[in-house]
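Given next are the chains, with one letter for each unit.
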Amino acid sequence: MDPITALLHEALEGVRGLDAGAPASYIPELANADPELLSLAVVGPHGRVRVVGDVEQDFTIQSISKPFVLALALADRGRDAVLRKVGAEPSGEPFNAISLEAGTGRPANPMVNAGAIATSALIPGDGVDDRTARIVAGLSAFAGRSLWVDEQVYASESGTGDRNRALAHLLRSYGVIDGSVDIAVETYFRQCSLLVTARDLAVMGATLAFGGINPVTGDRVVAEAVARDVLSIMTSCGMYDYSGEWLLRVGLPAKSGVSGGLMAVAPSQFGVAAFSPRLDAYGNSVRGVAVIESLSERFGMHLLEPHDSVAVPAFTVDDTDSGRVLRLSGELGLAGTERVVAVLRELADAMPAGAAVTVDARELGRTHREALIALRAEFERMPRSFVLRE
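Given the structure is predicted, the values throughout are model-derived calculations rather than measurements.

1. Examining the overall build of the protein
Scanning the protein from N- to C-terminus turns up 15 helices and eleven strands. By the burial criterion, 56% of the 390 residues in the protein qualify as buried. Taking as baseline every contact in the protein between residues at least 6 positions apart, the subset at least 24 positions apart corresponds to 69%. Counting 35 positive and 49 negative side-chain charges, the protein places the centres of these two groups 3 Å from one another.

2. Topic: the environment of Val221
Checked against the element boundaries, Val221 lands in the loop between α10 (198-209) and α11 (224-237). The spacing of Val221 and Ala75 is 146 residues in sequence and 9.8 Å in space, taken between C-alpha atoms. Val221 has contacts with Gly138, Ala141, Phe142, Thr207, Gly212 and Asn214, leaving out every residue within four places of it along the chain.

3. Some thoughts on the pairing of strand β7 (residues 270-275)
Within β7, six of the six residues are buried, leaving the element largely enclosed by the surrounding structure. Burial along β7 is two-sided: the face carrying Phe270, Val272 and Ala274 and the face carrying Gly271, Ala273 and Phe275 are both buried. Pairing between strand β6 (residues 261-266) and β7: six bridges, direction antiparallel. Along β7, the bridge assignment pairs Met263 with Ala273. Where β6 folds back on β7, the antiparallel hairpin that results is connected by three residues, among which Ser268 adopts a positive phi of roughly 65°.

4. Concerning the pairing of strand β1 (residues 39-43)
With five of five residues buried, β1 is to be regarded as a mostly interior element. Alternating residues of β1 divide into Ser39, Ala41 and Val43 and Leu40 and Val42, and every residue in both groups is buried. Note: β1 against strand β2 (residues 49-53), five bridges, orientation antiparallel. Paired with Val43 across the bridge in β2 is Val49. Between the end of β1 and the start of β2, which pair antiparallel, lie five residues, with Gly47 showing a positive phi angle near 80°. In this structure, β1 lies alongside β7, joined through five bridges in antiparallel fashion.

5. Quick word on the sheet that holds strand β5 (residues 254-256)
Two pairing modes exist for strands in a sheet, parallel and antiparallel, and in both the strands are linked by backbone hydrogen bonds. One open sheet holds the five strands; their spatial order is β2-β1-β7-β6-β5, and the pairing between them is antiparallel. Because the sheet does not close on itself, it has two edges, and the strands there are β2 and β5. Sheet twist, expressed as the mean angle between neighbouring strand axes with direction ignored, is 10°. Across the face of the sheet, helix α13 (residues 286-299) comes into contact with β1, β6 and β7 while running at roughly 150° to β7.

6. A look at the nonpolar core
Judged by nonpolar contacts, the single largest core of 65 residues is most densely connected at Leu139 and Leu201. It is α10 that contributes the most residues to this core, eight residues altogether. Excluding its chain neighbours within four sequence positions, the residues that come into contact with Leu201 are Phe59, Ile61, Ile64, Val196, Gly261, Leu262, Met263 and Ala273. One finds Leu7, Leu12, Val272 and Met301 within the second-largest nonpolar core, a separate group that totals 30 residues.

7. A few points about the packing of aromatic side chains
Taken as a whole and assessed by the stated rule, the structure comprises four aromatic pairs. Taking 4.0 Å as the distance between ring centres and 0° as the angle between the ring planes, the aromatic pair formed by Phe59 and Phe275 counts as stacked. Here Phe275 lies in strand β7 and Phe59 lies in strand β3 (residues 59-60), a separation of 216 residues in the sequence. The residues Phe59 and Phe275 share a single accessibility class, namely buried.

Rules behind the numbers
- Residues numbered from 1 in each chain as written.
- Predicted model: local features only at pLDDT ≥ 70, side-chain atom pairs only at ≥ 80, totals over all residues.
- Heavy atoms only, no water.
- Helix = DSSP H or I, 4+ residues; strand = E, 2+ residues; numbered from the N terminus.
- Buried < 20%, exposed > 50% of the residue type's maximum accessible area, 1.4 Å probe, protein only.
- Contact = heavy atoms within 4.5 Å.
- Lys, Arg positive; Asp, Glu negative; His and termini not counted.
- Charge placed at Lys NZ, Arg CZ, Asp CG, Glu CD.
- Pairing = 2+ DSSP bridges.
- Axes fitted to C-alpha atoms, helices over the stretch in contact; angles between N-to-C directions.
- Core = buried A, V, L, I, M, F, W, Y, C linked by side-chain atoms within 4.5 Å.
- Phe/Tyr/Trp six-rings, centres within 6.5 Å; stacked < 30°, edge-to-face > 60°.

None of this, on its own, says anything about what the molecule does.
Structure below.
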């Protein structure tokens, strides 16, 4: 286990004992989830995926589909057309509240159910199958692999979805949904039933983090402006009526789902995702919230903390009589550690036997403790001897 993965494992084990909450019960298939399942994944700028816990366990994406379907709608229709149908303001109400803007009938934002149904209705297609195929293709591109629908969960959602149908009929009465209510609602149920893992969600989050480019596949999925707009709405609305406190405590754009998934984005740094089915009163994963809050605190990930070049240090390489010196300046965070390690490996491969490599960190303006621990541990793993000056 590499040092950064070891730190993720430590963070995950730190929340394993939390046993508050329970799996969602209003969708029968979700109530069957094992409440002890727990996983965590992080994807950095070079597409390296780190996963710990029950990493092979899949689950349905549920509401974490909402920002990505919003991205597809923005790409297809443009921001102004989308905003004519759905707002961009926090609702301060539960995700399934029957609450629409006076006069226009617009839902508050695309992250609540009414807004997500309106957004799904903007995806082009002649019927449920066509629209679902477009959504599956788009979300698969974000994940970097083919996704598919869990038909049992879809049937369970459709069979118990009267409240969402009521929302859709209200939207139709205001002209927010132009076409068939049934097509809009069934498409929404199917998008929520896509199977993912924590790894998939971390890759999807990382694609938003890096301006719409999937760091694993290298493919551009959406334009940079689309990714920016989606992250903006996630920042204020992604955690339902816990969004304000989440921003205060964690400070990252995020989206949760009632199956227990939770995805957060550190822009220009990485995507992170957790999975644990026990939910709190807001519908957010209890242990997912706790572990990502822990990572944000330990690695200085909060958006409103002062950062120097998003915690990726600047560096220069100097040749000396005894070898090479890598001089670091700026800030060293989690993403920066990964970059420094990659440079050190390149230097080590190019150096003759017996030559020394010195890392001079004395000019770093800010260093996160966990990042430095990971960097030291990486030194111990490398075949060449390195010297760290602090």
